[in-house]
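Chain by chain, the residues run as shown.
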Amino acid sequence: MKRRIPILLAAAGIAAIASTAAAAAPPDRDSGFRRGNDAYRLGEYDRAIALYREVLDEGWAGAALYYNLGNAYFKTGNLGRAVLNYRKAWDLSPGDPEIGKNLEYAREDLREDTSGLKAGFWSRVRRSVALLFPPAHWILAACAFYWIAAVLILAAIFLPGFRRAAAPALKALSVLFLLCVLGAWLAWGYYHVPRAVVLSSRVEVLYSPAVEATPAFVLHEGAEVRVIRGEGAWRQIALPDGKSGWVPSDSLGLI
């Protein structure tokens, strides 16, 4: 099995992200985070995982923590959990090149079950918009265009000579505002659909939530799926092409 994450890149990433996270974490949690980073640098990956998970159990989570936890799982060969934590980091910091690159490296060593499946039109649109900007960025842009338009309207009211020049600008701002609202809605729809990563090396997806049910298809470690419903021992999942079925809850890690 290949191990293609450059050690220097991973170590540098951990050092850089650690300094960013330090300001956001309370002292005790920051201490656990730093001790996890130290264990990782020493090659004590299982200890690093335990320390990072202690910080998570204390209620603090962030892109840096999930990213470093993903690196530690990758080093121990637990690729399913590596992908899961990289995905959590990506959702908190969309577009981060280090997270995206290491996620690709982890996926290269997996049997990919879903990459060749064609998603529906709206699923592709939502994904493209969400990867462009997260919902908060779309909302901020919409607010900015809204207030710029409000200022122009006030200027046109109190400065009659300005009305002719303000009209085309207001039309353009209205279009940009509506596009940003649409972008926020599409991105929100993408990030708020429950998703999960298969953690078991192999899992049979069943037609119904029962051990004796007929298998529909098989998924392997690292496959990403949508969670439709289910609590307790079973969850109904769906693939990008719309196929769905039931799997044991403990075979999945929720993103």
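Keep in mind the model is a prediction, meaning the values are calculated, not measured.

Chemist: Explain the nonpolar core residue by residue, including any values.
Modeler: Soluble globular proteins tend to pack their nonpolar side chains together in the buried interior. If you look at the biggest cluster of nonpolar residues, it comprises 30 residues, and the most contacted ones within it are F33, A48, Y52, L65, F74, V83 and Y86. Examining the composition of this core, we find that eight residues originate from one element, helix α4 (residues 63–75), more than from any other. Residues A196, V205, L239 and L252 belong to the second largest nonpolar core, which totals 13 residues.

Chemist: Kindly report on the packing of α4 against helix α5 (residues 79–92), identifying the contributing residues and their values.
Modeler: Following both chains from N to C, one finds α4 and α5 inclined at 160°, their axes separated by 8 Å at the closest point. Relative to α5, the element α4 is oriented roughly antiparallel. Where α4 crosses over α5, the two elements pack in a sense that is left-handed. Contacts from A63, Y66, Y67, L69, G70, N71, Y73 and F74 of α4 reach α5 at L79, R81, A82, N85, Y86, K88, A89 and L92. The class makeup of the residues in the contact of α4 with α5 is 11 nonpolar, three polar and two charged.

So, how was this worked out
Residues numbered from 1 in each chain as written. Predicted model: local features only at pLDDT ≥ 70, side-chain atom pairs only at ≥ 80, totals over all residues. Heavy atoms only, no water. Core = buried A, V, L, I, M, F, W, Y, C linked by side-chain atoms within 4.5 Å. Buried < 20%, exposed > 50% of the residue type's maximum accessible area, 1.4 Å probe, protein only. Helix = DSSP H or I, 4+ residues; strand = E, 2+ residues; numbered from the N terminus. Axes fitted to C-alpha atoms, helices over the stretch in contact; angles between N-to-C directions. Parallel < 35°, antiparallel > 145°, perpendicular 65-115°, else oblique. Left-handed = near helix turned anticlockwise from the far one by under 90°. Contact = heavy atoms within 4.5 Å. Nonpolar A, V, L, I, M, F, W, Y, C, P; charged D, E, K, R; others polar.

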